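Working through the structure, step by step
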Amino acid sequence: MERQKEIMKMASRVLSLLTMAVALQAQPLSVAITQNPENLHHFFLDVLNMTPGVTYGVGQKVSPDEDPFNTWALFDVFPAPAPAIRYEGTASAAQRTHAAVNLDDYTGPQVRIVSPESGSTVSGDVPVQVHVADVVPLHTIEVFVGDTLVANITAGQGGTMNLPSYWFPNGEQQIWVRVVNQGIDVDTDGDGLADTPSTFASWGSVTVTFDNDVYIENFSPLYSGYGISYFATSPRSSIRWE
Ligand SMILES: [Ca+2]
């Protein structure tokens with residue numbers, strides 16, 4: 001009887017440990033910054049809730065700066081030896097935001113159209129705001145309406161552009177963005193040395209209703225490759241109509 005109780009007690013302890021392990025597993029990957037109490041000019045950067053053996057990158061970026069081209073710069077890439085690791089840094093460094101990323105799950109840039117909201121009705125010049133998170137420098141951010149490339153968002157634009165909705169027929173339209181990053185070099189000829197960049201592309205979209213009193217029915221110039229540059233940001237000297 002006593003023995004049975006002992007087993008029951010042990011089983012319940014194992015169960016609670018398992019529950020705890022599951023709960024820990026469910027904690028999202030995160031970083032925490034705390035001051036080093038023994039050296040006030042230094043701080044600790046703890047990376048928490050990693051899965052041992054999985055490859056992680058720890059990076060930083062200039063902050064605050066929401067330009068999508070301000071991507072994360074990884075300063076360490078490693079297979080996690082334990083669920084948590086600690087770095088020590090100097091507090092006098094310029095303001096930075098830190099993050100950890102699971103590189104085994106890396107599928108390319110994360111792209112989201114912040115505005116306009118999906119399902120909304122818009123008219124005139126529509127401010128489009130794109131949010132991108134990536135650990136690899138970006139190459140291009142292209143904005144489309146349906147099949148038509150409307151603009152390239154470039155570095156320094158803060159991820160925004162004005163979309164001339166009156167260039168398109170009224171009604172439901174899909175605004176979408178394609179983000180391509182500069183990629184990472186991979187070995188294509190099997191000599192063990194990385195030689196060619198392999199880029200990643202990601203997409204984000206919203207469906208909105210265009211509602212303009214007057215719109216351009218014949219928007220064929222937009223299909224021309226040169227029409228694209230008209231919508232690019234200033235300087236407008238880049239316009240080339242041929
Ligand atoms: Ca090679």
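1. Some words on the overall build of the chain
Within the chain, the secondary structure is distributed over 2 helices and 16 strands. When the 242 residues of the chain are sorted by exposure, 16% land in the buried category. In the chain, of all internal contacts separated by at least 6 residues, the share reaching a separation of at least 24 is 66%.

2. Considerations on unusual backbone geometry
The omega angle of the peptide bond from Ser 115 to Pro 116 is 5°, so this bond is cis rather than trans. If you check the backbone angles, Asn 49 has positive phi at about 65° while not being a glycine. Within the element layout of this structure, Asn 49 appears in the loop between strand S2 (42–48) and strand S3 (55–62). Here Asn 49 falls in the partly exposed class, since 16 other C-beta atoms lie within 10 Å of it.

3. Looking at the sheet that holds S2
One open sheet accounts for 3 strands, arranged S1-S2-S5; its pairing is antiparallel. With one partner strand each, in any of the chains shown, strand S1 (30–35) and strand S5 (85–90) form the two edges of the open sheet. Shown here is a sheet whose adjacent strand axes are inclined to one another by a mean of 25°, direction ignored. Relative to S2, S1 is paired through 6 bridges, and the arrangement is antiparallel. Looking at the pairing, Ile 33 lines up with Leu 45 of S2.

4. Structural notes on the sheet that holds strand S11 (residues 148–153)
Strand order in the open sheet formed by 5 strands is S8-S16-S13-S10-S11, and the pairing between neighbours is mixed. Edge positions in the open sheet fall to strand S8 (121–122) and S11, since each of these has one partner strand only. The sheet contact formed by strand S10 (residues 138–145) and strand S13 (residues 171–181) spans 7 bridges and is antiparallel. Its bridge partner being in S13, Phe 144 is matched across the sheet by Trp 176.

5. Some details on the pairing of S3
Relative to strand S4 (residues 73–79), S3 runs antiparallel, the two being bridged by 6 bridges. Bridge assignment links Val 58 to a residue of S4, and that residue is Asp 76. Sheet analysis places S3 next to strand S6 (residues 96–102), joined by 7 bridges and oriented antiparallel. Its bridge partner lying in S6, Val 58 is registered against Ala 100.

6. Digging into the environment of Thr 154
As for its placement among the helices and strands, Thr 154 is situated in the loop between S11 and strand S12 (160–164). Spatially, the C-alpha atoms of Thr 154 and His 139 are 8.9 Å apart, while their sequence positions differ by 15 residues.

7. Considering the nonpolar core
Among the nonpolar cores identified, the biggest contains 22 residues, and Val 128, Val 130, Ile 141, Val 143, Ile 175 and Val 177 are the most heavily contacted of them. If you list the elements that add at least two residues to this core, you get strand S7 (110–115), strand S9 (125–133), S10, S11, S12, S13 and strand S16 (201–210). In terms of residue count, S10 provides more of this core than any other element does, 4 residues in total. Apart from residues lying up to four places away in sequence, Ile 141 is in contact with Pro 68, Val 130, Val 132, Asn 152, Ile 153, Val 177 and Val 179. Membership of the second largest hydrophobic core comes to 5 residues, among which are Met 50, Tyr 56, Val 58 and Ala 100.

8. Describing the environment of Ser 205
Considering the arrangement of structural elements, one finds Ser 205 in strand S16. Along the primary structure Ser 205 and Val 145 are separated by 60 residues, whereas in three dimensions their C-alpha atoms are 9.6 Å apart. If near-sequence neighbours (up to four positions away) are discounted, Ser 205 is found in contact with Ile 113, Gln 174, Ile 175 and Trp 176.

9. Some points on the confidence of the model for the chain
The predicted coordinates ought not to be read in detail in places where the model reports low pLDDT. On average, residues of the chain carry a pLDDT of 82, and 81% of them reach 70 or more. Per-element mean pLDDT across the chain ranges from 31 in helix H2 (residues 227–231) up to 98 in S8. The low-confidence segment residues 220–242 (pLDDT under 50) makes 20 contacts with residues lying over four places distant or belonging to another chain.

Cut-offs and rules
The numbers attached to residues start from 1 for each chain and follow its sequence in the written order. Under the rules for a predicted model, residues below a pLDDT of 70 receive no local features and side-chain atom pairs below 80 are neither given nor counted, while totals for whole chains, interfaces and linings still include all residues. The helix count covers DSSP runs of H or I at least four residues long, the strand count covers runs of E at least two residues long, and both are numbered beginning at the N terminus. Exposed residues have 12 or fewer other C-beta atoms within 10 Å of their own C-beta, buried residues have 20 or more, and partly exposed residues fall in between, where C-beta atoms are placed from the backbone. Note on contacts: each residue gets a C-beta atom placed from the backbone, and two residues are in contact if those atoms are within 7 Å. In this scheme, strands are said to pair when DSSP sees at least two bridges between them. Here the axes come from fitting lines to C-alpha atoms, over the contacting stretch only for helices, and the angles between their N-to-C directions go from 0 to 180 degrees. One nonpolar core equals one set of buried Ala, Val, Leu, Ile, Met, Phe, Trp, Tyr and Cys residues connected by C-beta atoms within 7 Å. Along the chain, pLDDT gives the predictor's confidence residue by residue, from 0 to 100.

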